[in-house]
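What follows is each chain in one-letter form.
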Amino acid sequence: MEFKSCKKLYRKETHRIKSPEETFEIVEPLTEVAGITRVADITKLDRLNIPVFSCIRPGAADGAISVYNGKGVTPIAARVSAIMEGMERYSAELQQDDQLVTGKYPVLAEEFEVLDPVELILPEAVDPDAVIPWTPAYEILFADDGETLLLEELLVPAAAIYHPLPSHYYSVFRTGTNGIASGNALEEATFHAMCEVIERDAWSLCEAEKTGGRLIVDIDDADILNLINTFKEAGVDVFLRDITSDIGLPTIAAIADDVELKDPTLLCLGMGTHSSPKIAALRALTEVAQSRATQIHGAREDATIADVRKQIGYDRTKRLNAKWFDESATVQWNALKDISTDDFLDEIKNTVRALNRVGLQTVIVKDLTRPELGIPVVHVIIPGIEAYAIDSDRMGVRCKAARSKAAKTGGRVRKYVRET
């Protein structure tokens, strides 16, 4: 595995090395190989008419969902997004030829470079020295020149890489898809996987602090306003909030409130993280549209949450999520700085540096690309980064510190990294 210069050749509603049309030409013939039997346009299920597609893999591994969804500003982008999600899920399932080593951390650490499971923020009552499966991955490091990237092999818990992990293996936590991403190149996939992990960390800090960042005001980007107006014209209020953490990679949340239907299940949240605030905002807006469409379609992974919301009703659900509607802290759109580059290799380097600056010294990547597909897929894990928002059994030092500060100061403790 090696990272090389990887120039961005498409920089419209997303940053890629190929256009959605070019990517579709590559991946569409491979759907059958990945077990994808159907790609459906579910856009019309919602009155927003923002493109959302659904991808079905009926042969998904036991314990995995078989319906995946894709979003985008354009129909082709949403279709490709759904297919690529299916490719990611296929590639992340443990297969017979995957290398696994079974053993205890203290024993393996005597012979190999091994990641201590404790660094992955374990649930309580989990034995970190249990006999578990391990798989080789690579730590991303800088050479002595501070510029060249090195990849050093180490063993990591298989539960941090594969999803799902077969039930006969002992798992130190629930497996998941956080940090799994695909792309047209290894570098493209790796950067987007890093973005997802950082996004979930920022969201987790919000949940720990019980704050929703700053309401973004005075937006003047035509593409973003076009999407916002699409919501408004359909009778859906939508808000953008800056929830960027100390890591500094722009992270934006979109909150949709269907003021016409007042349906508690349609109080939806979308997230986006990217070095470009515009791309982060577009991802958040299209994700919240996806959340609405998939809720209506009935193909959501968090159906339990939807059921609870139906029981407690619209008004109470909104009160319980008041932090996302708080207007007391605002930030102007133009204060959010674009730190993107024109090369995914530089994006990876800059992101590793940003993580290192806040004490997250270890960044690990596993190449999950399957030879029968040839579509680059990776899983990025960052020991010490938070996933509390999606796994409430795991709260680490960052969330605990944020919650403690919030308790002492009465909230609003987030140290924003980009002030006017």
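Residues numbered from 1 in each chain as written. Predicted model: local features only at pLDDT ≥ 70, side-chain atom pairs only at ≥ 80, totals over all residues. Heavy atoms only, no water.

### Concerning unusual backbone geometry
In most cases, non-glycine residues show a negative phi, while peptide bonds are predominantly trans.
Okay, so step 1: For the peptide bond that leads from histidine 163 to proline 164, omega is -5 degrees, which places it in the cis range.
Okay, so step 2: With respect to the element layout, proline 164 can be found in the loop between strand E8 (149–157) and strand E9 (180–182).
Okay, so step 3: Residue alanine 125 is not a glycine yet carries a positive backbone phi of 70 degrees.
Okay, so step 4: Mapping alanine 125 onto the fold places it in the loop between helix H3 (105–108) and strand E7 (132–142).
Okay, so step 5: What makes alanine 125 exposed here is its relative accessible area of 86%.
Okay, so step 6: Positioned with a positive phi, lysine 210 is a non-glycine residue whose angle comes to about 60 degrees.
Okay, so step 7: Within the fold, lysine 210 resides in the loop between helix H4 (186–209) and strand E10 (214–217). (Helix = DSSP H or I, 4+ residues; strand = E, 2+ residues; numbered from the N terminus. Buried < 20%, exposed > 50% of the residue type's maximum accessible area, 1.4 Å probe, protein only.)

### Here we look at the environment of lysine 349
Okay, so step 1: Counting through the fold element by element, lysine 349 comes out in helix H9 (residues 344–357).
Okay, so step 2: Given the relative accessible area of 9%, lysine 349 is considered buried.
Okay, so step 3: Sequence-distant contacts of lysine 349, defined by excluding residues within four places in its chain, comprise Phe142, Glu147 and Leu149. (Contact = heavy atoms within 4.5 Å.)

### Focus on the packing of H4 against helix H10 (residues 397–409)
Okay, so step 1: At a minimum axis separation of 8 Å, H4 and H10 run at an interaxial angle of 35 degrees. Along this stretch, H4 crosses H10, giving a crossing that reads as right-handed. Residue-level contacts link Asp201, Ser204, Leu205, Glu207, Ala208 and Glu209 of H4 to Arg398, Cys399, Ala402, Arg403 and Ala406 of H10.
Okay, so step 2: Of the residues contributing to the contact of H4 with H10, the split by class is 5 nonpolar, 1 polar and 5 charged. (Axes fitted to C-alpha atoms, helices over the stretch in contact; angles between N-to-C directions. Left-handed = near helix turned anticlockwise from the far one by under 90°. Nonpolar A, V, L, I, M, F, W, Y, C, P; charged D, E, K, R; others polar.)

### Regarding the layout of surface pockets
Okay, so step 1: The calculated volume of the second largest pocket comes to roughly 320 Å³.
Okay, so step 2: What lines the second largest pocket is a set of 17 residues, among which Asp98, Gln99, Pro136, Lys366 and Asp367 lie closest to the centre.
Okay, so step 3: Put simply, the parts of the chain that give the lining of the second largest pocket at least two residues each are E7 and strand E15 (364–367).
Okay, so step 4: No other element matches the 3 residues that E7 contributes to the lining of the second largest pocket. (1 Å grid on protein atoms, 1.4 Å probe; cavity = no way out; pocket = protein on both sides within 12 Å on 5 of 7 lines; lining within 4 Å. Points joined across faces, edges and corners; volume = space filled by probe spheres on them.)

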